[in-house]
Structure formats: C-alpha cells, structure tokens
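# Coordinate analysis (summary)
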Amino acid sequence: MLDTKYNHLEVEKGKYEDWKEKGYFESGDLSKKPYCIVIPPPNVTGKLHLGHAWDTTLQDILIRYKRMDGYDALWVPGMDHAAIATEAKVVQKLRQNGVDKYELGRDGFLDACWDWTHEYAKNIREQWAKLGLSLDYRKEAFTLDENLTRAVKKVFVDLYNEGLIYRGERIINWDPVAKTALSNEEVIYKDDEGAFYHLKYFIEGTDEYLDVATTRPETLFGDTAVAVNPDDERYKHLIGKKAILPVVNKAIPIVGDEHADPTFGTGVVKITPAHDPNDFEVGNRHNLERIVVMNEDATMNANALKYEGMTREECREALLKDLEEAGLLISVEKMVHSVGHSERTDAVVEPYLSKQWFVKMRPLADRVLENQKNKKTKVNFVPPHYEKTMNHWMEITYDWCISRQLWWGHRIPAWYKGDEVYVGVDAPSGDGWVQDNDVLDTWFSSALWPFATLGWPNETDDYKRYYPNSVLVTGYDIIPFWVNRMTFQGLKFTDSRPFKDCLIHGLIRDKEGRKMSKSLGNGVDPMDVIDEYGCDALRFFLTTNSAPGADLRYDEEKVKSSWNFLNKLWNASRFVLMNLEDFKEEDYTLDNLSLADKWILNRLNNVIKEVRKNMDTYDFHNVGNTLYAFIWNDFCDWYIELSKSDMSKTNKSVLLLVLTDIMKMLHPFTPYITEEIYQMLPIKEQPSIMISSYPSIRDFDYQKEEDKLNKILEDIIAIRNLKATNNITKQAKVKYVTDASIENIYRSQLKIKDENILTDSGDNYLTSNYKSKNIDITYYYEGTKEDDSKKDDEIKKLEESIARREKLLSNENYVSKAPAQIVDADRKKLAEEKERLALLKG
RNA sequence: GGGCGAUUAGCUCAGUUGGUUAGAGCAUUUGCCUUACAAGCAAAGGGUCAUAGGUUCGAGUCCUAUAUCGCCCACCA
C-alpha cells in the first residue's frame, strides 16, 4: 500500500539505473520512424545549472513522448571541450599548485586538460542521471573525439581551398590574460569608469596645438596620424600639415577622414592603427604605419620608450603625470564608457593587431538567408520570431576570427616552411614544416555537432538515418554563437538545414527577475532542488510555467506547488489502487458505463486530443495546464468523488483506464512518479511505462452524456453556494424533486442523508430554493422567512444577458457576417437563458 | 544608432488563425479533520487587458502613434 504522502526520495531511487540497464534509452529499431535530438554539449568546466536542467528536460520530454508514440528516438549525449573556458580553469588550477603552463609544456598541459575533462565529464553524467535524462549513452560524443576532429579538419581544409578561410593581419580582440584572440561574441561590454584625457598635439612649426581627446593615452606611442573631418571648417586648413606627438616628439601627418566626427569631442582624433579597429581602417585609407606598443600580456613594449615593461594601467598613470608636468595635459573629463571584457577571464580586451585565421562570412551567411526563404527547407524556429534574430545576424555579420592562441582544442591544420603555407588534413611530407601553434575557436567544432556526432564526414548509417536532426533545443542567448553557425555549416557541408525545428527557450532568472550569476550569488543548484523536492517536481515546474521562448523566474513556491500536484496525483492513485486491490484482468469491463463513466471518458478523449496537439507544437505549458486541470478538477474533484458511491467493476475499470492514461501523458514530464505508480497498476501492457504506448483518442462519442452531467455539476455547485451563503448546516432539512436516474449524484455530492429529508410541513423554517431543469430543491433551516437574494441576483443577471444577446442577434451585420456556428451558439445560449429565466420566475 | 520583445487580478504568468460576460497558480475572505490527500475539501471576492487613435458586425488579440521596461548587436577617438 502506498504511503499517505508522496516521498520523492523513495520514488526516484534506483529507477534510472534500472531503465538504463534494461536498454530503454537505446535507439536503433529500424522498423520505426527515426526521431533524433543531439544535446547541446555542456562545457566540461563545471556543474550543470538550472538552465541546463530546463534545456535538457525539454529534450527528454520530446524524446520520451516520441519513444512512447512509436518512434525510434535517438538522443545523442555529448560534451564540449570549451577551448578557452577549460584552458583558463586548468591554468588556474595548475597555478594554485605552483605549476606554470609554459613550464609544463604543450603535451604536459594537454594531459592536465584531459584529466580535468574526465573528472568533469563524470560529474556531468551523474547530473544527467539525476535529471532522469533518457540519453543513448552508446552514442556519446566529445568535440575532441577522433571523428569530430576529422570533421573539423575537413571543414577547415575545404573552406581554405575555396577561399572561405584566410589568414590575415587584422585588429582582433585580444585577451591579455589568456593571451589569445577572441571572436566578437566572446567580448562582453561593461560600463566602466573612465575619462576623456585632452592632450596637446602641437602643430609642427607653430605654437598652436590641437586638443586631442582620448580615453586611452597609453596608446599614443602607436599614433601615426591625427584625423579631422575634411568638412570641418575649424580644421580643414590643417590637413596635410603635421602634428607633434607628445612625449615621443615625432611629427605625424594630419589627415582628413570621415571617421572624425565634428560633433563628437573636439572633432580631432588620434589614429592608432595597431590598437583600434576604426583607426586600422583609417590607416588603410591613408597608408599609415602600424605600430604595436604592447606585448601579448598587455605590458608596454619597446615602442613605449621609457615606459617599456609597465602594464597598460601603470603606463597610463606614469604617462599622464609626465604629460601634466610637461604642460601637455589640458584637462581630464570623467566619463563612463563601455569597455570590452573577455567572457572567460574578464580581462579588459585589448584591440590588437595580429595575424589570425578568419572565416569569410558573407557567402556562407547569404546562403542561410536564401534558404530561410524556402518553407520546406528552412530551420523552423519556435517561437517563430527568433528566426529574425538569426537572420539579422546573418545580414550584419563580419568575418569570424577562428584562431586562438591556446593549446586545448583543435590545432589548426596549417604548416609553415619559410614563406610557404600548407593546409591539409595530414601533415605535409618533407622536412622543415612547422605546424601552426594555434587552435580553433571552440564554436568551430560545435558548429558541426548535429552531423559530426552522427559520423559525418563518413556516410554512416546513423548519419543517413538521423540527419537532419528533428529538433534542436537551446536558449535564445546561444543563437548567435551556435545556432547560426550550425546552420551555415550545415548548409555548406551537408546541403541541408541541420535540424528541422529549433525550439528556443529563455533564461532562468531569480525570483526578482535578475539573471542568475556568480557575482550576485543568486544561483540555484538544480541538484539541491532535486534533493528537496525531487526531480519530477523540478521538471514539471521548469517546463509548464512559461510560454515558449519566454524567460522563467525561479520561484521555490512554484516548485512546491508542483510537488503538491504530484502529491495530489499520488493520493488519487492511492485511492484507485486501494479500491482495485483484488482487481483481476478478467474483471476489466467497459459494459454498462454510468453517466459519470461516460463523462470522464469523454473528457479524457478531449484531453488526449488537446495534449497531443500541444506536444506536437511544443506548447508544454498548455499540456501542463491541461493535465493539471484534468487530474485535479475532473478526475479527483468529480470523478473520484462520484466513484465513491459506485465502485462497480465497470467503474473500477474506468478508474484504471483513466489513471493509466494520465500516467502515460504525464510520464515525459515526471518520469519517476509515473513509473512508480504504473508498476503498481493491476493491469499493464509493458514492464515499464517508458516503453508503453502513448494514449490515443478512443472511438466513441459521449459528448451528450458529458453535457448532461456538466449541467448536473453546475446545479451542485450552485446548491453548495446557496448553502454556503445562507449558512445552511448539514443538519438542515431538505426536500427535492429529481429524476431517479440522477438522484444519487445529487444525494452523494450534496451529502443528503435520509435523516435530512423533511418530513413535516416545513412551515416553521426559513427556506432556500434552487430550481433547474434537473432538480427542484429546497432547504429548510432555523428562521422564519424565505431567503430569495440568490435567486433575485441570478434573475437580474439573466435578464441583462438576454437583453445583450437579443441586441446582438438583431444586428443584421452580425448575423450575416459572423460564422454560422458562432451565431448558432448564441441563439442556443439565448434559448437556454430564456428557459432558465422562465423556470426561476415560474 | 540597428534589431527583437514585453506591458493582462495584490504577485507570477497563460490567453493558439479576431468570436459568449478575459483564465490559472499563489495570496486573500468564509466554512469544513467529509473513510485518497489539511501540502487537503467546499464556496467566494478580485482585472476600464500601459495610453491614444484606427480597421471590423465584433479587438487583450490586427494596424498606427506614444509612454515605460527588458534583451541582442554596433558605436563610444
């Protein structure tokens, strides 16, 4: 017998291991239609957070649903090596042990990274298990696997051969802590306190000077020009002359360039082509020299003269002091401006001139834009407006810097010998070739994830069968990093969208709506939630409390509320199982269904229809609400209550049938409790609910019976209301007239016992009456006069409603233009209202 | 500056191609230990759907403008 309270710890114990052992997570039944999802690979850098729990639960819901519904459902697990993120963590860990990355050397460092990876991969697998995810572990992939590596090399080489990958000297975002280039997506802009420093740049041969404002005085050693707008009346006469660079005392040209905005600052801008992307462009236009003034760790180099060796910050301070003493500092204007920080190390990013590898984006992006116009081959975003996020990125995209000065990752398949460059899958033959030291951006490999995990570039069975993937599930914050890149690489290399649908969810926020972050300390560990409320409660909360694509606030009260719902389900099951203790297979019958049986069966049919529809459109919150309402309101509040005075074999059979379908429909959301209860059912089709069949609607129509009982239930609610508002106690006497076939429903639900039936004339009582088509009932209780206020209220409301409806129906435009069924429904309703009014008045 | 959203009950949110008198959970009020569940049961109150126009027989839903808030991208010498 079940405990009176749902104990999630007991319920969830051991089931995952059991499912896994029995092979229920495994795909490969070729007789079924394939359905495939690849997991967004978590980084091997830490613990899964609530966002992962949400993301993966959505996928597990889909996989479990499709598996039950007769598909060969494959869910590919995997993880991402996360180049810079992992490298930063391993470097930090080594440093704590007094070990330096460079002393350790490349091979030793990679060994340390692999050790780290194995440790964290194990943790992640344990967390997947705690979340109940039905992943096919035989297919698990890692972005540095042999096959992924082969795919990465092929893609690099092919793009290079087509001229879509090139190496060039550009201004890139440099992370001076990790000492690597970053893509624009890896730079986080934050508002920092800074200042506008106004410096004197004397005009050569005069004692006039230009007021040049800069936020970065320390870069002046790299200045190779001063620019003014060619239309700026204040300065245009100076174009062609020279300015004297302060401290350095070098003459640099004054150039006219559109980049100088006459309305911004003083309208004069110093040009540092090696340390600013805009200045780099200006430098190209005017053929200016590029002078790099910093080392890789952002300390000043020899070009910074006596400041060599100082950090950027030290140099700025010392330089400003010297400028001030020399009378070259005009003023300091405090300001807040946004400064780029490295996503992984938080270091202030230095725009830095260096030689890097780039992907030429324009042709690849254009192909995506073209493909999205084709309804049959495009990626279908859910909700659809997220397509705009991708398309906009494709429209404004710039070349992607893919080389990283790291060791942990896919080493760039390029070799150099003198001025010669060789790019190929394998090392070139011959002596003297040296491979590029750099690795690729981690997103370069994850962009291939949907097909490379299935064996591509080989035409494997899995690739042929499961590609393109059925759906990809991820958060909207990952669209620019990942979804976009998978889409253009998929089109480029497989001539296909990587997935048919792309289900986008939002971010998890805290109760106040703030992003969860380490610095705020408002993060919640999903494993703690699971310990306290259970995996099922967490999953149900995560997936049924927000509309698709919207953010979700984590609110412990709502997790509790989910737990309460599961407790309700537990107790309803307990009731059914108690009453079906000796129920045998041969007792099962659906003959002689009662009105209530037909009512719940008809409701169930509608629920199955509704749930299937919403499962297919990813509207899980609707599924949740539908099931919640059906289970709590229809099944528990009415059908179980009505069953208490029935308990025929038919009634028990229907209880079993409905409970079974409830468990099945809920199973993708709450796998554990549904399995637990399924195991206790007296009749079940499969040894596990995981492999049972998803409910389909049955071939009957009890709509009339449903409508009939609904009317009776409305009566019961109205009569209970009458009793409550008039303080009619259970001792009150009652007299009623109703049909014998439905009498028991009223008696049981209104708790009318024989001793309540009025036997005398009733003259000495206060009375309250309720009358409908089905029942005329009067309560007699202490007092002296009839209370009519309820009835009067209803009459007044009815009259208003009738008047409104008559007016509507007399409107020619409405009757002629509105759909017939809408008008008919109004007519029917009007007739009913009139009938009810007549009954109340008569 | 470019793009994308949001604004509905005290709170958190639904509201599917326009179609009765806008829903749920939590919270609130009242009454109940009724033999599955008091983490429960029964009943109830609570919203001029941000604002102003427009289209329509009919607008929370479509269009235009405004306000407020949020996110992404770019720029910030």
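Residues numbered from 1 in each chain as written. Chains lettered and ligands numbered in written order. Predicted model: local features only at pLDDT ≥ 70, side-chain atom pairs only at ≥ 80, totals over all residues. Heavy atoms only, no water.

It is worth spelling out the overall build of chain A at this point. Assigned secondary structure in chain A consists of 26 helices and 28 strands. At 37 Å, chain A has a C-alpha radius of gyration far larger than the 28 Å of a compact globule built from 842 residues. If you line up chain A on its principal axes, its C-alpha atoms span 120 × 60 × 55 Å. A total of 842 residues make up chain A; the buried ones form 54% of that total. Of all intrachain contacts in chain A linking residues separated by at least 6 positions in sequence, the fraction that spans at least 24 positions is 77%. Just so you have it, chain A exposes about 38200 Å², and 48% of that area is on carbon and sulfur atoms. In chain A, which carries 113 positive and 140 negative side-chain charges, the distance between the mean positions of the two groups comes to 4 Å. (Helix = DSSP H or I, 4+ residues; strand = E, 2+ residues; numbered from the N terminus. Rg over C-alpha atoms; globule rule 2.2 N^0.38 Å. Buried < 20%, exposed > 50% of the residue type's maximum accessible area, 1.4 Å probe, protein only. Contact = heavy atoms within 4.5 Å. Areas by Shrake-Rupley, 256 points an atom, 1.4 Å probe, with all protein chains shown as cover. Lys, Arg positive; Asp, Glu negative; His and termini not counted. Charge placed at Lys NZ, Arg CZ, Asp CG, Glu CD.)

This part takes up the side chain of S134. Positionally, S134 belongs in the loop between α5 (101-130) and β4 (141-142). Among the residues examined, S134 registers a relative accessible area of 0% and is labelled buried. In this structure, S134 is in contact with F25, D60, I63, R64, R67, W75 and M690, ignoring residues within four places of it in sequence.

Of all residues adjacent to RNA strand B, which total 58 residues, the nearest are T214, F264, S338, R804 and K817. Sugar plus phosphate: this is where 60% of the atoms of RNA strand B within 4 Å of the protein reside. For RNA strand B, a sugar or linking oxygen lies 2.5 Å from a polar atom in the side chain of R574. One of the side-chain nitrogen or oxygen atoms of K644 is found 3.2 Å away from a phosphate oxygen of RNA strand B. (Near = heavy atom within 4 Å. Polar contact = N/O pair within 3.5 Å; in protein donor to acceptor, adjacent residues only side chain to side chain.)

Another aspect to go through is helix α18 (residues 595-616). With 22 residues, α18 should cover 32 Å at 1.5 Å per step; its first-to-last C-alpha distance of 32 Å lies within 8% of that length. Immediately downstream of α18, the backbone of Y618 shows phi near 65 degrees, a positive value. (Expected span 1.5 Å × (residues − 1).)

Let us look at the packing of aromatic side chains. One pass over the full model with this rule turns up 41 aromatic pairs. Considering the side-chain rings of W415 and Y422, the 6.0 Å spacing of their centres and the 50 degrees angle between planes classify their relative orientation as tilted. By relative accessible area, which is 8% here, W415 ends up buried. Owing to a relative accessible area of 31%, Y422 belongs among the partly exposed residues under this scheme. Ring centres of F565 and W632 lie 6.5 Å apart, and the angle between their planes is 15 degrees; this geometry places the pair in the stacked category. Within this pair, whereas F565 is found in helix α17 (residues 556-579), its partner W632 is found in helix α19 (residues 620-643), the two being separated by 67 residues in sequence. (Phe/Tyr/Trp six-rings, centres within 6.5 Å; stacked < 30°, edge-to-face > 60°.)

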